[in-house]
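Residue-level structural notes
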2 protein chains.
Amino acid sequence: MNIILASTSTLFGGEYLAYLKTEIIDLYQGIDEIIFIPFARPGGISHEEYTQKASDFFATIGIKVRGLHEFDDQAAAINSAKGFFTGGGNTFLLVKTLHEKGLMQVLKSNVESGKAYLGCSAGSNIGGLNMKTTNDMPIVYPTSFECMGLVPFNLNPHYLDPDPTLKHNGETRETRIKEFLTQNNIKVVGLREGNWIRRKGDQITVEGTQLTRIFEPGKAPYELPEGSLL
Amino acid sequence: MNIILASTSTLFGGEYLAYLKTEIIDLYQGIDEIIFIPFARPGGISHEEYTQKASDFFATIGIKVRGLHEFDDQAAAINSAKGFFTGGGNTFLLVKTLHEKGLMQVLKSNVESGKAYLGCSAGSNIGGLNMKTTNDMPIVYPTSFECMGLVPFNLNPHYLDPDPTLKHNGETRETRIKEFLTQNNIKVVGLREGNWIRRKGDQITVEGTQLTRIFEPGKAPYELPEGSLL
């Protein structure tokens, strides 16, 4: 497999995908066209506008982008594609849409066959075993929480450390993930913004300048530096 | 109906339920025993310990508490109860448990018949039409997101204003609720901590010292002061 699962598309104050540019060039070596999956976007911008945004970035590295929504037969489009990028938004909406269209398994098979895959945020969540560690609001009801399992664990994108100054009694991100571990025997990778997971063949590493926080059942959470194997 | 749906059980630096004490005395007038529903709690403390925590508070106002988990026939226990309190935790776990045990409708019927109901956080979410505006992590998959509909809208407990100093690209609470409105034609009441909804018969008001933020499809969000009708 050849994939990047990134915490976020955009760093604070940065341009869309700019911090990942070198990595993205490496990911899509030899590919001149990819399919963009815009289904996570619940409003604000249309699928066309969202695809245009991705297209604007990929034009700078000589890659053409087509939105999956443009195709009548979307499964066939995935089967014919050279590579994929799934943008962020709401994970519930993305997972519901992919399951309802019967595309989750089609996409999984294509990525497992070696086609390049980039996900950001919600697009990274669907690379995990299931979507039970998303931060998103359950604005729609998917027929299942199961995802592609491109990596043998779950992700928590936009992982955020507790703010000790906050006078608020909502659960912290760490508390939520520990709650997940009481109900599921699955490792969770807390990806801080600016970090990503890189899978090349069977080798899976964490990348990015921040430490990555790992949660496993029955262990204290721990941190891994960039380049560590997962 | 006679209900309180509170944003949180505990204010920052305060004791469990302390800020609601006067309201709780009013809610349960003439009642000497209630059933506590502990099913939202995913870990850390057991159902017994959680029930004991509720019981310790209610002892100060002369009300005995029994945990619903203590009963073999939980539907019968709900039908025989004089009043209810559902504690906070994880809304997905609470909703999954109530649906699987067939108790959501039983509880709804009993509360609609006039029995006193107090919810905090997750226990308040289930008073709304559905749980699609919870902040919680989807750590388990419920058979449905539908809730009791004790009020004709949804709630967002622990509602939090955006932090302008945060260099983080995760969605704000307001963005998440606006995403919900793109997919659902349902009003959302953003309950800041310290606020609650009070229903007496057909009259539904917002209470508490902070303003309450209301989100409706096709309208700009707006704020309501305490005592306003919903």
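Report on the accompanying structure. (Residues numbered from 1 in each chain as written. Chains lettered and ligands numbered in written order. Predicted model: local features only at pLDDT ≥ 70, side-chain atom pairs only at ≥ 80, totals over all residues. Heavy atoms only, no water.)

**Digging into the sheet that holds strand β8 (residues 196-200) of chain A**
Residues and elements named next belong to chain A. Taking strand neighbours across the sheet as the criterion, the seven strands line up as β3-β2-β4-β5-β1-β8-β9 in an open arrangement whose pairing is mixed. Each edge of the sheet is formed by a strand with only one pairing partner; in this case those strands are β3 (64-67) and β9 (203-207). Averaged over neighbouring strand pairs, the angle between their axes works out to 15° when direction is ignored. Both strand β4 (residues 83-86) and strand β5 (residues 116-120) contribute to a ladder of four bridges, which runs parallel. Each residue of the ladder has a partner; that of Thr 86, found in β5, is Gly 119. (Pairing = 2+ DSSP bridges. Helix = DSSP H or I, 4+ residues; strand = E, 2+ residues; numbered from the N terminus. Axes fitted to C-alpha atoms, helices over the stretch in contact; angles between N-to-C directions.)

**Looking at the relation of the copies chain B and chain A**
The two copies are related by a screw operation: chain B maps onto chain A through 180° of rotation and 0.0 Å of translation along the axis, at an RMSD of 0.0 Å. With respect to symmetry, the two chain copies, as superposed, fit the operation of a two-fold axis. The fraction of interface residues of chain B whose copies in chain A are also interface residues reaches 100%, indicating that both copies meet through the same surface. (Least-squares fit on C-alpha atoms with pLDDT ≥ 70 in both. Contact = heavy atoms within 4.5 Å.)

**Focus on the interface of chain B and chain A**
Taken together, the 43 residues of chain B in the interface contact 43 residues of chain A. Buried surface at the junction of chain B and chain A, summed over both partners, amounts to about 3,600 Å²; 58% is from carbon and sulfur atoms. Here chain B is connected to chain A by two salt bridges. Among the ionic pairs, Asp136(B) bridges to Arg176(A), the shortest N-O distance being 3.8 Å. Connecting chain B to chain A are 14 residue pairs in polar contact (both at pLDDT 80 or more). Of all elements in the fold, only α4 (91-100), β6 (154-159) and α7 (173-183) of chain B reach the threshold of two or more residues within the side of chain B that touches chain A. Considering each element in turn, the side of chain B that touches chain A owes the most residues, seven residues, to α7(B). Looking at the side of chain B that touches chain A residue by residue, the class counts come to 17 nonpolar, 18 polar and eight charged. (Buried area = accessible area lost by both parts, 1.4 Å probe. Salt bridge = Lys/Arg side-chain N within 4 Å of Asp/Glu carboxyl O. Polar contact = N/O pair within 3.5 Å; in protein donor to acceptor, adjacent residues only side chain to side chain. Nonpolar A, V, L, I, M, F, W, Y, C, P; charged D, E, K, R; others polar.)

**Digging into helix α2 (residues 47-59) of chain A**
Residue and element names in this part refer to chain A. End to end, α2 covers 18 Å across 13 residues, agreeing with the expected 18 Å (1.5 Å per residue, within 8%). Buried within α2 we find Tyr 50, Thr 51, Ala 54, Phe 57 and Phe 58. Each buried residue of α2 sits inside an arc of 120° when the element is viewed along its axis, so together they form one side. Buried residues belonging to α2 abut α1 (21-27), β2 (33-37), β3, β4 and β5. (Expected span 1.5 Å × (residues − 1). Buried < 20%, exposed > 50% of the residue type's maximum accessible area, 1.4 Å probe, protein only. Arc of directions from axis to C-beta.)

**Things to note about the sheet that holds strand β10 (residues 212-215) of chain A**
All names here are of chain A. Across the sheet, four strands lie side by side as β6-β7-β10-β11; this open sheet has mixed pairing. In this open sheet, the two strands that pair with only one neighbour each are β6 (154-159) and β11 (222-224). Sheet twist, expressed as the mean angle between neighbouring strand axes with direction ignored, is 30°. When β10 meets β11, the two strands line up antiparallel, connected through three bridges. Bridge pairing links Ile 214 to Tyr 222 in β11. Strands in contact with helix α7 (residues 173-183) are β6, β7 (188-192) and β10; relative to β6, the strand with the most contacts, it is inclined by about 170°.

**Describing helix α4 (residues 91-100) of chain A**
Extensive coverage of α4(A) is indicated by the burial of seven of its 10 residues. Where α4(A) is buried, its residues contact β2, β4, α5 (104-112) and α6 (122-125) of chain A together with α4 and α7 of chain B. The N-cap of α4(A), judged by a side-chain oxygen 2.9 Å from the amide nitrogen of Phe92(A) a few residues on, is Asn90(A). Just beyond α4(A), the residue with positive phi is Gly102(A), at close to 70°.

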